[in-house]
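An overview of the molecular structure
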Amino acid sequence: MRNWKGLFIAFEGIDGAGLTTHSKLVEKWLIEEKGIEKVLLTKEPTEAPIGFLLRGIMSRQINITPYPHVMALLFAADRLYHLYEEPYGPGPRHRGILAALREGYVVISDRYVVSSMAYQGGRDVGTLAVSVDMEWVREVNKFAPLPDVVVYLDVPPDVSATRIRRARWTWQIYENRADLQDTYRNFHTILEDLKREGVRVIEVEEVRDGRERSVEEVQEEIRAELSKVLEEFSLC
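Residues numbered from 1 in each chain as written. Predicted model: local features only at pLDDT ≥ 70, side-chain atom pairs only at ≥ 80, totals over all residues. Heavy atoms only, no water.

1. Some points on the sheet that holds strand 3 (residues 106-110)
Rules: Strand pairing is defined by DSSP finding a minimum of two bridges between the two strands. Elements are defined by DSSP. Helices are runs of H or I of four residues or more, strands are runs of E of two residues or more, and each kind is numbered from the N terminus. Axis definition: a line fitted to C-alpha atoms, limited for helices to the stretch in contact. Angles are taken between N-to-C directions and run from 0 to 180 degrees. Contacts are residue-level and defined by heavy atoms, with any inter-residue pair within 4.5 Å sufficient.
Taken in spatial order, the 5 strands of this open sheet run 2-3-1-6-7, and their pairing is parallel. Of all strands in the sheet, those with a lone pairing partner are strand 2 (39-43) and strand 7 (200-205), marking the two edges. If you compare each strand with its neighbour and ignore which way they point, the axes differ by 20° on average. Relative to strand 3, strand 2 is paired through 5 bridges, and the arrangement is parallel. Looking across to strand 3, one finds that Val39 is bridged to Val106. Sheet strands in contact with helix 1 (residues 19-32) are strand 1 (7-12), strand 2, strand 3 and strand 6 (149-154), and its direction is about 165° off that of strand 3.

Here it is, written out as structure tokens:
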């Protein structure tokens, strides 16, 4: 249940969708053009020790088998830190994005609980013959309130794979084509569930009529849709 006066925006999508790029551009837009002073840009995994462990596993720099049960629980633990402990200002009271939301911040999270459901839920992970039920993933994250808005950047898995290959030489876990396809399918299922639960879902296509849209085109559409949300919440 929503119990804050701020606005919680989560950016979601498969790898290679440009979540970090667009969440940073939205932060800049909110501050510089919308004149909103209290804006907090954050991300998952966090920079805390559990987040560090997760990034090491995903990049294969830490040699731990990424069983989906284990990964889901690690992400849930990191999310607890994110919600209740991650510092966002000076002093002990400035801890956790929930406190920031109660204080009236617009919180932008580069990934949140929807990613856990899409990446760990309802499918095998890579070559491991192990899977977890999506409802189980949601259950271990029941402490995590849903965001007010999900901005979903829709990029086809084949385009995502090409972007990842252009950006770096190595593949992280979840980034092979089969996993990208499964995750893409999961996201679309979850988004329909979120709509029924009252979450505002903004779906932005990054490929239209067979052409990849520019960052500027995609960002313009995101801003247009978020402007409507800001008006609804009397934030501009």
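2. Some details on the packing of helix 1 against helix 9 (residues 215-232)
Using the following cut-off: The cut-offs work like this: below 35 degrees is roughly parallel, past 145 is roughly antiparallel, 65 to 115 is roughly perpendicular, and the gaps in between are oblique. If you view the pair so one helix is near and one far, a crossing is left-handed when the near helix is turned anticlockwise from the far one by less than a right angle, and right-handed when it is turned clockwise. Think of it as three bins: nonpolar holds Ala, Val, Leu, Ile, Met, Phe, Trp, Tyr, Cys and Pro, charged holds Asp, Glu, Lys and Arg, and polar takes everything else, Gly as well.
Between helix 1 and helix 9, the shortest axis-to-axis distance is 10 Å and the interhelical angle comes to 50°. It follows that helix 1 is oblique to helix 9 by the angle criterion. For the pair helix 1 and helix 9, the sense of crossing is right-handed. Taken together, the residues of helix 9 that come into contact with helix 1 (itself represented by Thr21, His22, Leu25, Val26, Trp29 and Leu30) are Val215, Val218, Gln219, Ile222, Arg223, Leu226, Ser227 and Leu230. Along the lines of polarity and charge, the residues of the contact of helix 1 with helix 9 split into 9 nonpolar, 4 polar and 1 charged.

3. With respect to the packing of aromatic side chains
The condition that has to hold: Here a pair means two rings of Phe, Tyr or Trp (six-membered ring of Trp) with centres within 6.5 Å. Their orientation is stacked below 30 degrees between planes, edge-to-face above 60, and tilted elsewhere. Relative accessibility under 20% of the residue-type maximum defines a buried residue, over 50% an exposed one, and the middle range a partly exposed one, all with a 1.4 Å probe and only protein chains included. Whether a charge sits over a ring comes down to the Lys NZ or Arg CZ being within 6 Å of the ring centre and within 35 degrees of the ring normal.
Inspection of every chain in the model, using the stated rule, returns 5 aromatic pairs. Where Tyr152 meets Phe187, the ring centres are 5.4 Å apart and the plane angle is 45°; that geometry is what we call tilted. Pair noted here: Tyr152 is in strand 6 and Phe187 is in helix 8 (residues 177-196), with a separation of 35 residues, a long-range link. Using a relative accessible area of 0% as the deciding quantity, one classes Phe187 as buried. An aromatic cluster of at least three residues, connected via ring pairs, comprises Trp4, Phe8 and Tyr112. Geometry around Tyr112 places Arg79 over its ring, the cationic atom sitting 5.7 Å from the centre.

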